[in-house]
Structure formats: structure tokens, C-alpha cells
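Here are the chains, one letter per residue:
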Amino acid sequence: MSAALWLAVAACAVGTLLMRVVPFLWMQRSLNSETGLNNMPQWLGILGPLMIAAVLGVSIMPVNPSVISWAATAIGLSVTLLVWLKVRSLGWPVAAGVAVFGVVQVSVALLQ
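Parameters at a glance
Residues numbered from 1 in each chain as written. Predicted model: local features only at pLDDT ≥ 70, side-chain atom pairs only at ≥ 80, totals over all residues. Heavy atoms only, no water. Helix = DSSP H or I, 4+ residues; strand = E, 2+ residues; numbered from the N terminus. Expected span 1.5 Å × (residues − 1). Bend = angle between axes of the 7 residues up to and from the residue. Phe/Tyr/Trp six-rings, centres within 6.5 Å; stacked < 30°, edge-to-face > 60°. Lys NZ or Arg CZ within 6 Å of the ring centre and 35° of its normal. 1 Å grid on protein atoms, 1.4 Å probe; cavity = no way out; pocket = protein on both sides within 12 Å on 5 of 7 lines; lining within 4 Å. Points joined across faces, edges and corners; volume = space filled by probe spheres on them. Nonpolar A, V, L, I, M, F, W, Y, C, P; charged D, E, K, R; others polar. Buried < 20%, exposed > 50% of the residue type's maximum accessible area, 1.4 Å probe, protein only. Polar contact = N/O pair within 3.5 Å; in protein donor to acceptor, adjacent residues only side chain to side chain. Contact = heavy atoms within 4.5 Å. Arc of directions from axis to C-beta. Patch = residues over 30% accessible without salt bridge, like charges linked within 9 Å, V, L, I, M, F, W, Y side chains within 5 Å. Areas by Shrake-Rupley, 256 points an atom, 1.4 Å probe, with all protein chains shown as cover. Salt bridge = Lys/Arg side-chain N within 4 Å of Asp/Glu carboxyl O.

A. Helix 1 (residues 3–32), seen in detail. With 30 residues, helix 1 should reach 44 Å at 1.5 Å per residue; the first-to-last C-alpha distance of 42 Å fits that figure. By the largest-angle criterion, Leu 18 marks the main kink of helix 1, which is about 25 degrees.

B. Representation of the packing of aromatic side chains within the structure. Inspection of every chain in the model, using the stated rule, returns zero aromatic pairs. A cation over a ring is seen here: Arg 88 above Trp 84, with NZ or CZ 4.4 Å from the ring centre.

C. Highlighting the layout of surface pockets. As a volume, the largest pocket reaches approximately 450 Å³. If you go around the largest pocket, you meet 17 residues; those closest to its centre are Ser 59, Leu 77, Thr 80, Gly 97 and Val 98. Breaking the lining of the largest pocket down by element, the ones donating at least two residues are helix 2 (42–60), helix 3 (67–87) and helix 4 (91–111). Here the lining of the largest pocket is built from residues that sort into 12 nonpolar, five polar and no charged.

D. The arrangement of the side chain of Ser 69 in detail. Within the secondary structure, Ser 69 sits in helix 3. For Ser 69, a relative accessible area of 6% translates into the label buried. Engagement of the side chain of Ser 69 in a polar contact is seen with the backbone oxygen of Asn 64, the distance being 3.0 Å. Residues in contact with Ser 69, not counting those within four places in the same chain, are Pro 62, Asn 64, Phe 101 and Gln 105.

E. Representation of helix 3. Here helix 3 spans 30 Å end to end across 21 residues, near enough to the 30 Å set by a 1.5 Å rise per residue. Those residues of helix 3 that fall on the buried side of the exposure criterion are Ser 69, Ala 72, Thr 73 and Gly 76. Viewed end-on, helix 3 has its buried residues packed into an arc of 100 degrees, placing them on one side of the element. Opposite the packed face of helix 3, turned more than 90 degrees from it, sit the exposed residues Val 67, Leu 82 and Lys 86.

F. Local environment of a nonpolar patch on the surface. Judged by side-chain polarity, Met 1, Leu 5, Trp 6 and Val 9 come together as a nonpolar surface patch covering roughly 440 Å² of accessible area. Relative to the helices and strands, Trp 6 is located in helix 1.

Here it is as C-alpha cells:
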């Protein structure tokens, strides 16, 4: 691998580590202080859901926007939601949504 690729991998690793360690250290310091949780900043409680929403937003956008890819995305999201409503877990809904998305994409490619 090239040096630029190793540098990018190292930067991603450090960024991922900091996203996990900094809030943990901040909370540890806040809990050990005399004010406790009252000293916790509001953004710290919102950070996790915001990161999940950002990842979801990026994942929903098709790589090559077309009617077929948007339809496959909508069908996959619908199946994911329906399976989640039935089982209320994380693994099966994601697997079902990805499988249905793939089946729609492959089916349309075979029909063309």
C-alpha cells in the first residue's frame, strides 16, 4: 500500500478513537467533580443520535441516483421498517433490508 493510504487509515483510526474517548473522558471528569451530572454539556447527550443520523443519511443516498436505485432504496427501507416493527431487534431488519435491496437491484439488472 502507498504511504498516502496508510496516512488516511491512521487518520481515520485516530478520528474514530477520539470520537469515542473524548466523551468518555469528559463524562468521567464530570462525574468525579462536585457538581456531577449537572455540569454535563447538552451537546454530549445529543452527539450519539446525531452521528447515527448522519450515517443513516449517507447510507440512504444511492451511489448512482436513478429511478431504479431510488426504488430499491425505498423498498429496502420499507422492508427494514416492517421487519423491525415485527421483531424489535437490530440484526434481522438490517439483513432483510439489505437482502431486499440487493434482490431488487439484481432483478432489474437481469430484466434489462
